[in-house]
Amino acid sequence: MAPPADDGDHPMALTVQAVGSLDEVAREDWDRLANPQGAEFDPFISWDFLQALEQSGCIGEGTGWLPRHLIARDARGDLVGSVPLYVKSHSMGEYVFDQAWADAYERAGGRYYPKLLTAVPFSPVTGRRILAASADLRHAMIQATCDMARRWGVSGWHVNFPTGEQRSELATAGLLPRIDRQYVWRNRSYNSYDDFLADLSSRKRKALRKERTAAQSGITIEHLSGEELRPEHWDVFYACYQETGSRKWGFPYLNRTYFDLLHQRMADRVLLVMAKKDGRYIAAALNLVGSHALYGRYWGKLEDHPFLHFELCYHQAIDAAIARGLHRVEAGAQGEHKLARGYAPTEVHSAHFIENEAFGQAVGQYLEQERAAVRADIRAQDADSPFRKDLPE
């Protein structure tokens, strides 16, 4: 599908245009909107991160992710708004699951794909999605994107993992709200992992100490970032990623070129946690570092070792967050096993514009029931938290 490149004038004297690559947008212009001064830095919406996906071929023609980023310029030609936007021909790599909607829509004689998606490809992280400085500009960009969906004849537009302020703006514009849960570790001004353990019940504290002792038996663990990272580290990580990704997803989404670009551009934002046994690396976990959060992304192993996944992905992430003074660890989608390791169930959100009114009403009714069920599950999991019950809120 090749939508038109320009949809002309919009309210507020904006000219809104769809571009097929971030190469058509100056890096500094995009980043000025994506990570404005004073805001929490989000590596996932930076030009470097998103353009690397395009340059490496992980997204683009033939992948089911066709970039059509929306940009808005004012009367002077300055970039004042942007929306990361993809034409999707499937629902893979999104972590907000709408395949059942697609089946129902097509059984009723409709065509669900292509659809429009605003998200960070392959990354279930919450962040800014409508990139503009003011609420009025963001409202204009939301309306422009809905207009694009109508004019291009797609089934709808979906926004995955928006921040709280932006999800309110999307709901006000008429997009249907959806919730799910992820598991997030929060730093209560801890000075050490033992400080964190002191907040847990005695039984849970003993279980985690025992787990970490077993995981570290005969294992050396390294934290590598910035100039410490070498090609041989990436060789091992990529082998781990390929092995685990092939089993987990059927095929890994990212190629080696992408990780080379990530190293070249964002090595100081990378934390690679690597495990070595008998002088040989056997496992690795990749994290990205924001100004307030550590984001766990991918893990893989070349051989089995008890509890090593939990150690590299969850315990070592907590160690790193405490050492760096970060507020939280976001460990990715799914995984109820994170709960016992101090990661709390946390609402995450998406918003959905459905062009067909009748189908949109049906989806809205379903989402109302789903929201109630998810929130009930979160309350039940909170009641089973490993934290001491006498902790202040």
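Above this text you will find the structure in question.
These lines cover the structure that appears in this document, whether it is placed above or below. Treat the numbers as computed from the prediction; the structure is a model and nothing was measured.

Let us look at the overall build of the protein chain. Helices and strands together make up the secondary structure of the protein chain, namely 11 helices and 16 strands. A compact globule built from 393 residues would reach a C-alpha radius of gyration of about 21 Å, and the protein chain, at 22 Å, matches this within 12%. Principal-axis analysis of the C-alpha atoms places the extent of the protein chain at approximately 65 × 45 × 45 Å. Scored against the burial criterion, the 393 residues of the protein chain give a buried share of 57%. In the form shown here, the protein chain has an accessible surface area of approximately 16,900 Å², with 48% of it arising from carbon and sulfur atoms. The centroid of the 46 positive side-chain charges in the protein chain is displaced by 6 Å from the centroid of its 53 negative side-chain charges.

Further remarks concern the pairing of strand β9 (residues 156–160). Taking burial as the measure, the 5 residues of β9 include 5 buried ones, the bulk of the element. Burial of the side chains of β9 extends over both faces: Gly 156, His 158 and Asn 160 are buried on one face and Trp 157 and Val 159 on the other. The pairing of strand β7 (residues 115–118) with β9 spans 3 bridges and is parallel. Pairing of Leu 116 across the sheet is with Trp 157, part of β9. When β9 meets strand β16 (residues 344–354), the two strands line up antiparallel, connected through 5 bridges. By the bridge assignment, Asn 160 is partnered in β16 with Ser 350.

Our focus in this paragraph is the packing of helix α7 (residues 202–216) against helix α10 (residues 308–324). Direction vectors running N to C along α7 and α10 enclose 115 degrees, while the axes themselves pass 10 Å from each other. Taken together, α7 and α10 sit at an angle that is classed as roughly perpendicular. Considering only the axes of α7 and α10, their crossing is left-handed. For the pair formed by α7 and α10, the contact residues are Leu 208, Glu 211, Arg 212, Ala 215 and Gln 216 on the first element and Leu 308, Phe 310, Glu 311, His 315, Gln 316 and Asp 319 on the second. Of the residues that constitute the contact of α7 with α10, the class distribution is 4 nonpolar, 3 polar and 4 charged.

Attention shifts here to the nonpolar core. One recurring pattern in soluble globular proteins: nonpolar side chains tend to sit buried together. Counting 55 residues, the largest nonpolar core has Phe 49, Leu 254, Phe 259 and Leu 262 as the members making the most contacts within it. For this core, the elements supplying multiple residues, two or more each, are α1 (27–34), α2 (47–55), α8 (231–249), α9 (256–266), β12 (270–277), β13 (280–289) and β14 (293–301). Per-element tally for this core: the top contributor is α8, with 6 residues. Every residue in contact with Leu 262, bar those within four places of it in the chain, is listed here: Phe 49, Trp 234, Ala 267, Val 270, Leu 286 and Leu 288. Grouped together as the second largest cluster of nonpolar side chains are 35 residues, Ala 285, Trp 299, Cys 313 and Phe 387 included.

Now for the pattern of salt bridges. One pass over the full model with this rule turns up 28 salt bridges. In this structure, the salt-bridge partner of Arg 256 is Asp 260, at a minimum N-O distance of 3.1 Å. Here Arg 256 pairs with Asp 260, and both are found in helix α9, just 4 residues apart, close to one helical turn. Looking at Asp 260, the relative accessible area reads 30%, which means it is partly exposed. For Arg 375, the salt bridge goes to Glu 347, with nearest N and O atoms at 2.8 Å. One end of the pair, Arg 375, is in helix α11 (residues 357–383); the other, Glu 347, is in strand β16, and 28 residues separate them in sequence.

The rules we used
Residues numbered from 1 in each chain as written. Predicted model: local features only at pLDDT ≥ 70, side-chain atom pairs only at ≥ 80, totals over all residues. Heavy atoms only, no water. Helix = DSSP H or I, 4+ residues; strand = E, 2+ residues; numbered from the N terminus. Rg over C-alpha atoms; globule rule 2.2 N^0.38 Å. Buried < 20%, exposed > 50% of the residue type's maximum accessible area, 1.4 Å probe, protein only. Areas by Shrake-Rupley, 256 points an atom, 1.4 Å probe, with all protein chains shown as cover. Lys, Arg positive; Asp, Glu negative; His and termini not counted. Charge placed at Lys NZ, Arg CZ, Asp CG, Glu CD. Pairing = 2+ DSSP bridges. Axes fitted to C-alpha atoms, helices over the stretch in contact; angles between N-to-C directions. Parallel < 35°, antiparallel > 145°, perpendicular 65-115°, else oblique. Left-handed = near helix turned anticlockwise from the far one by under 90°. Contact = heavy atoms within 4.5 Å. Nonpolar A, V, L, I, M, F, W, Y, C, P; charged D, E, K, R; others polar. Core = buried A, V, L, I, M, F, W, Y, C linked by side-chain atoms within 4.5 Å. Salt bridge = Lys/Arg side-chain N within 4 Å of Asp/Glu carboxyl O.

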